[in-house]
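Architecture at a glance
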Amino acid sequence: MKKSFIYIIISALSFINFSCDSDYLNEPPLNVITGDQIFSSEQGVDAYMVALYDQLPIEDFNYAAHSGFNNFPSKDFLALSTDEMSSAYFVKDANNQIEDGTGLGWYAEGYSAIRNTMDFISKLENSEAITEARKSELIAEAKWMLAYDYFALVKRYGGVPIITDITDFTGDNLEELQVPRNKEKEVWEHIFVLLDDAIAGLPETNSDNNKYRVNKYVALALKSRAALFAASIAKYGTEGLNGLLGLPNSDSEKYFKLASDASKAIMISGKYALYQNNPNKSLNYAEYFYSKEDEAETIFKKVFQYPSVTHSFDNWALPAGYTGYAGYGSGFCPTLNFVEKFEYVDGTSGELKVKDDHGNLLYYANTSDLFNNKDPRLAGTVMLPGSTWANQKSPGVIEIRGGVSYKGELIKSNNKQETITFDDGTSMKIIGKSGIVDGYAEETPTGFYIRKFLDPNPSSPDKWYNSWWSDVPWKEFRYAEILLNYAEAEFELENPENALDPINEIRGRAGIKLLDQEDLSLEKIRHERIVELAFENKTYWDYIRWRVFDSKISNYSESALIPYYSKEEDAYYFEEKTVPGPVKHFNSRAYYQRIEPGEINKNPNLIQNPGY
């Protein structure tokens, strides 16, 4: 069986096997014991390492765009700042989803993480409790963490200070601590040096066979992602602040080559493959994201485990009519524009056929019929009107209906319990169980709900209905992203023949028409990436590195699709609408985040990014 590498943050001692006569458990917790105590035993070192994993800036279910890591995301899930999705809460409050460059800050936290990791390396080098071979592996692991931390900083701020030595404040050395920003290019080069050291020092499988830790391929995956980001900044960005922002355009080819080489090393290893356990293409795609097994596709994932470490994504994502005790739901609702990005299986455009060529409404016996022959990933990513939901507590169909057309009148309601009785004696509720009520209350404003990540049959059904009960893992690095990285890098390097097979491998798993070489373009590759990586908090950063955010999200109105039942036709028709409420707008200054004013005040040598 192929092993995936994951980490779990349950407690600092979760992964440590103590001997029966060990007294380590009787020692004080990490935050009150000395460094000498920690590094005097292998158990202490392992416990410290788990704490370092805990501080990694992984933008998972608990990452909130306006309040940071390990927070309740609710209305701040990063994908809500793109054109991928809307929320019932956005209709009421525009500020929840507008990213203006002040919401993704991680400056002080980033340097705290870097300091802790550098401190670990420094003290580990002097430890006599660890073999030299194990030290080398642990130091390589820590360098991967440093690279991850600097990547989180540079993609937010551009050039930031590179810290090579730990300096403590003694009361009279403040100026020594007030270091200026390095150029953005210097930061990227520092990241790749760290990653090369990590790749060289990490084994293919950890020496203790601990699947919760990074290995060589996790380091290659980060290099693949980071190099692709740097290459895009060099090609599509501009330099500013005397090199503190941006990269020379001439560097783009070098970084695309780094991304390609790192991706290829993973691809030719034979250790990873796309998940294909279920012959039903839609179910296969959906299953992968809530699977807790060691899937061949997963390179690195963050594990949650009830009740110790959990998230609330499921509870916030629930369709109306399925909400539980906490009373949330409808927080992550894909837009019509996003839904139409999914092609039909024959490769034709994904625009839904709600009218004929003459502009007349088309009628469908079931709401789900509108989506027949769409890319199977759509039903694995989005809960569509009429989708079957096999939840243990409330199995059935996701019933989304905005009203009833009867005797030439469109009847709506703001009460989902209100019914209409027809002349033939039959009756039905005006509004579907999952909405949409007139005026958009606590249900989808777009006509869709998210499907990705949701486990229909958790170990305890109550987990689906409560805050902080979810334990579906977050797949941070997966093989599909590596294939997409390779394809994009090779196309940018003017090797389109090398980009075709990885794109078709993804499309083949999805069950849609494969592309011919003449069909392949950079736009096609980007489109495939947006569809495949939807809601994984990758699209936001892709829009940043491609420098297309301001063109995609500029006075942007979200789109909705509302099904209505026609009694006369005994069928459904659909209306395309604009989601009520404020528009989205991306401020171009947000290509680089604001350095928090408090950090500028503490260090006058820091130069603020433009526009703030």
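In this text the structure is predicted, and so the values were computed from the model without any measurement.

**Focus: the environment of Lys301**
Its place among the elements puts Lys301 in strand E3 (residues 298–303). Here the alpha-carbon distance between Lys301 and Val218, two residues 83 residues apart in the chain, equals 10.0 Å. A polar atom in the side chain of Lys301 sits 3.3 Å from the side chain of Glu295.

**Concerning empty space enclosed by the protein**
Applying the stated criterion across every chain yields a total of 5 cavities of 30 Å³ or more. Here the largest cavity defines a volume of roughly 240 Å³. Taken together, 18 residues form the lining of the largest cavity, with Phe151, Lys155, Arg225, Lys538 and Trp541 sitting closest to its centre. No other element matches helix H4 (residues 132–157), which puts 4 residues into the lining of the largest cavity. A class-by-class count of the residues in the lining of the largest cavity yields 7 nonpolar, 1 polar and 10 charged.

**A few points about unusual backbone geometry**
A cis amide bond links Tyr306 with the next residue in sequence, Pro307, at an omega value of 5°. Gly435 connects to Ile436 through a cis peptide bond whose omega is 20°. Relative to the assigned elements, Ile436 resides in the loop between strand E11 (427–429) and strand E12 (449–450). Although it is not a glycine, Leu241 sits at a positive phi angle of roughly 50°. Structurally, Leu241 is set in the loop between helix H7 (216–236) and helix H8 (252–267). We note that Trp468 has phi near 60°; this positive angle belongs to a residue other than glycine. Examined against the element boundaries, Trp468 turns out to sit in the loop between E12 and strand E13 (474–478). Trp468 sits in the partly exposed class, given a relative accessible area of 37%.

Cut-offs applied
Residues numbered from 1 in each chain as written. Predicted model: local features only at pLDDT ≥ 70, side-chain atom pairs only at ≥ 80, totals over all residues. Heavy atoms only, no water. Helix = DSSP H or I, 4+ residues; strand = E, 2+ residues; numbered from the N terminus. Polar contact = N/O pair within 3.5 Å; in protein donor to acceptor, adjacent residues only side chain to side chain. 1 Å grid on protein atoms, 1.4 Å probe; cavity = no way out; pocket = protein on both sides within 12 Å on 5 of 7 lines; lining within 4 Å. Points joined across faces, edges and corners; volume = space filled by probe spheres on them. Nonpolar A, V, L, I, M, F, W, Y, C, P; charged D, E, K, R; others polar. Buried < 20%, exposed > 50% of the residue type's maximum accessible area, 1.4 Å probe, protein only.

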